Amino acid sequence: MKHYTSINDIDNINSWIKEAKEIKANPLKNIELGKNKTLGMLFFNSSLRTRLSTQKAALNLGMNPIVMNVSGDAWGIEFGDGTVMNGNTAEHIKEAAAVVSQYCDIIAVRAFPTLTDKEKDQSEQVLNSFVKFASVPVISMESATGHPLQGLTDAITVSENSTKKKPKVVLSWAPHIKALPHAVGNSFVQAMQKMDVEFVITNPEGYNLSKEITKDTPILHNQKEAFKDADFVYTKNWSSYDDYGKILNTDPNWTITKEKIGNAKFMHCLPVRRNVVVEDAVLDSDSSLVIEQANNRTFAAQLVLKKILENN
Ligand code: AN0
Ligand code: CP
């Protein structure tokens, strides 16, 4: 594996989960592996978990992380080919990626979708331009259509907390006041499709994720029916995919409550809006895995960095 930009880059999810658990049990075992190697982390968008856990993962491997908020702090980057650059962008990705590649052994990028231009978002222009023009491996820290570090984390967390051979996992849409990306939902779907779980998705009409992602996974528009006998309820808001980037529904009947999920474990990637997406009683209960889930971000990132360091 040269780059890690999608859940599709995971060749064997069970062996990856096993290795991540070994890293979690002994996080400093490979402290020499990344000695004198630099991880460059470029953020086009906000972050708390990804920014800190990925640095922590690099430090656990003996790497030196360097971090930049690209939006605002760097020159505006042009991604268009052949553009006459007399507008707001001052530097082309061809130079920017080549330059950063000289300072860094691995480049990690966070670049959210526009949610207004479906074609542009589907083309993953920012992430793919780094892959194309950087001379070193590239890691996605959430791109327009995927959040593979989160999806790997979620697979690890489900595996750690399973008491059954084949647990029932439900991905439920929940309301939100802002139009959010599909990336977390997409990567979670792809991760669960690789695992030995009974997996269903529930969302209102008009909110189906891309068919190219959901494939044959059942989609129920009745949340109550979907939650029946669930062992894990993973919640995330996303904007409409078909009516691209639009908010069609903020129905509070979709908010996650203790009553609805019963004994199921609750998962969310965070950040989460309390009492909009999920009520306090769920987050403040023993059923919530969200803090441990965020902890596992470090070990997922560390596994990905380790594999790239070993293979390049
Ligand atoms: C982002 C999203 O929904 O993709 C990041 C989640 C990790 N969330 C928000 O913008 C609130
Ligand atoms: N879950 C997640 O990626 O969180 P941040 O946006 O804070 O990095």
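Residues numbered from 1 in each chain as written. Chains lettered and ligands numbered in written order. Predicted model: local features only at pLDDT ≥ 70, side-chain atom pairs only at ≥ 80, totals over all residues. Heavy atoms only, no water.

Asker: How would you summarise the domain arrangement of the chain if you had to cite specific residues and measurements?
Answerer: Each assigned domain of the chain is listed with its residue range as follows: domain 1 (7-146 + 296-311) and domain 2 (148-293). Taken together, the contacts link 32 residues of domain 1 with 33 residues of domain 2. Across the domain 1 to domain 2 interface the summed buried area is about 2800 Å²; carbon plus sulfur atoms make up 64%. Taken together, the links from domain 1 to domain 2 amount to two salt bridges. (Domains from an automatic or database assignment. Contact = heavy atoms within 4.5 Å. Buried area = accessible area lost by both parts, 1.4 Å probe. Salt bridge = Lys/Arg side-chain N within 4 Å of Asp/Glu carboxyl O.)

Asker: Residue-level account of helix α2 (residues 49-60), with values.
Answerer: The terminal C-alpha atoms of α2 lie 16 Å apart, and with twelve residues this matches the ideal 16 Å at 1.5 Å per residue to within 8%. Listed as buried for α2 are Arg49, Thr50, Ser53, Thr54, Gln55, Ala57, Ala58 and Asn60. On its buried face, α2 sits against β1 (38-43), β2 (64-69), β5 (106-110), α7 (148-161) and α13 (290-311). Two residues or fewer after α2 comes glycine 62, characterised by a positive phi angle close to 80°. (Helix = DSSP H or I, 4+ residues; strand = E, 2+ residues; numbered from the N terminus. Expected span 1.5 Å × (residues − 1). Buried < 20%, exposed > 50% of the residue type's maximum accessible area, 1.4 Å probe, protein only.)

Asker: Please provide a residue-by-residue account of the packing of aromatic side chains, values included.
Answerer: Under the defined criterion, the tally for this structure stands at eight aromatic pairs. Note on phenylalanine 44 and phenylalanine 130: the rings are 6.3 Å apart at their centroids and 65° apart in plane angle, and the pair reads as edge-to-face. Here phenylalanine 130 lies in helix α6 (residues 125-133) and phenylalanine 44 lies in the loop between β1 and α2, a separation of 86 residues in the sequence. The exposure classification of phenylalanine 44 matches that of phenylalanine 130, with both residues buried. (Phe/Tyr/Trp six-rings, centres within 6.5 Å; stacked < 30°, edge-to-face > 60°.)

Asker: Residues and numbers for the site of ligand 1, please.
Answerer: In the neighbourhood of ligand 1, the contacting residues comprise Phe112, Glu142, Leu180, Pro181, Lys236, Cys269 and Leu270. A distance of 2.5 Å is found between an oxygen atom of ligand 1 and a side-chain nitrogen or oxygen belonging to glutamate 142. Contact between ligand 1 and lysine 236: an oxygen atom at 2.7 Å from a side-chain N or O atom of the residue. The fraction of the free accessible surface of ligand 1 (330 Å²) that becomes covered by protein chains is 82%. (Near = heavy atom within 4 Å. Polar contact = N/O pair within 3.5 Å; in protein donor to acceptor, adjacent residues only side chain to side chain. Areas by Shrake-Rupley, 256 points an atom, 1.4 Å probe, with all protein chains shown as cover.)

Asker: Give me the lowdown on the environment of glycine 245, citing residues and values where you can.
Answerer: Looking at where glycine 245 falls in the secondary structure, it is placed in the loop between β10 (232-236) and α11 (258-261). Judged by its relative accessible area of 14%, glycine 245 falls in the buried class. When sequence neighbours within four positions are dropped, the list of residues in contact with glycine 245 reads Leu115, Ala179, Ser239 and Ser240.

Asker: Can you break down the packing of helix α1 (residues 13-25) against α7 residue by residue, with the values?
Answerer: Look at α1 against α7: their axes get within 10 Å of each other, and the N-to-C directions meet at 80°. The orientation of α1 with respect to α7, classified from their angle, is roughly perpendicular. Contacts between α1 and α7 pair Ile13, Trp16, Ile17, Ala20, Lys21 and Lys24 from the former with Leu152, Ala155, Ile156, Ser159 and Glu160 from the latter. Of the residues contributing to the contact of α1 with α7, the split by class is seven nonpolar, one polar and three charged. (Axes fitted to C-alpha atoms, helices over the stretch in contact; angles between N-to-C directions. Parallel < 35°, antiparallel > 145°, perpendicular 65-115°, else oblique. Nonpolar A, V, L, I, M, F, W, Y, C, P; charged D, E, K, R; others polar.)

Asker: Go over the sheet that holds β1, please, and point to the residues and values.
Answerer: Sheet architecture is open: four strands sit in the order β2-β1-β5-β6, paired in parallel fashion. Because the sheet does not close on itself, it has two edges, and the strands there are β2 and β6 (138-140). Strand-to-strand twist across the sheet, computed as the mean angle between neighbouring axes with direction ignored, equals 20°. In the sheet, β1 pairs with β2 via six bridges, with the strands oriented parallel. Residue pairing in the sheet places methionine 41 in a bridge with valine 67 of β2. (Pairing = 2+ DSSP bridges.)

Asker: Tell me what's going on with the site of ligand 2, and back it up with residues and numbers.
Answerer: Around ligand 2, the surrounding shell consists of Ser47, Leu48, Arg49, Thr50, Arg110, His147, Gln150, Cys269, Leu270 and Arg297. The contact in question runs from an oxygen atom of ligand 2 to an N or O atom on the side chain of serine 47, over 2.7 Å. Within the side chain of glutamine 150, one N or O atom sits 3.0 Å away from a nitrogen atom of ligand 2. Look at ligand 2: alone it shows 260 Å² of surface, and the protein chains cover 93% of it. Here the residues of the shell around ligand 2 are counted per class, giving three nonpolar, four polar and three charged. Among the domains, domain 1 (7-146 + 296-311) and domain 2 (148-293) are the pair contributing at least three residues each to the shell around ligand 2.

Asker: Please provide a residue-by-residue account of the packing of α7 against α13, values included.
Answerer: Across the interface, α7 lies against α13 with an axial gap of 8 Å and an inter-helix angle of 115°. Crossing geometry of α7 relative to α13 is assigned as right-handed. For the pair formed by α7 and α13, the contact residues are Leu149, Gln150, Leu152, Thr153, Asp154, Ile156, Thr157 and Glu160 on the first element and Gln293, Asn296, Arg297, Ala300, Ala301, Leu303 and Val304 on the second. Classifying every residue of the contact of α7 with α13 by side-chain character gives seven nonpolar, five polar and three charged. (Left-handed = near helix turned anticlockwise from the far one by under 90°.)

Asker: Account for the environment of threonine 157, naming residues and giving values.
Answerer: Within the fold, threonine 157 resides in helix α7. With relative accessibility at 0%, the residue threonine 157 sits in the buried group. The spacing of threonine 157 and glutamine 293 is 136 residues in sequence and 6.0 Å in space, taken between C-alpha atoms. Among residues more than four places away in sequence, those in contact with threonine 157 are Met267, Leu289, Gln293 and Asn296.

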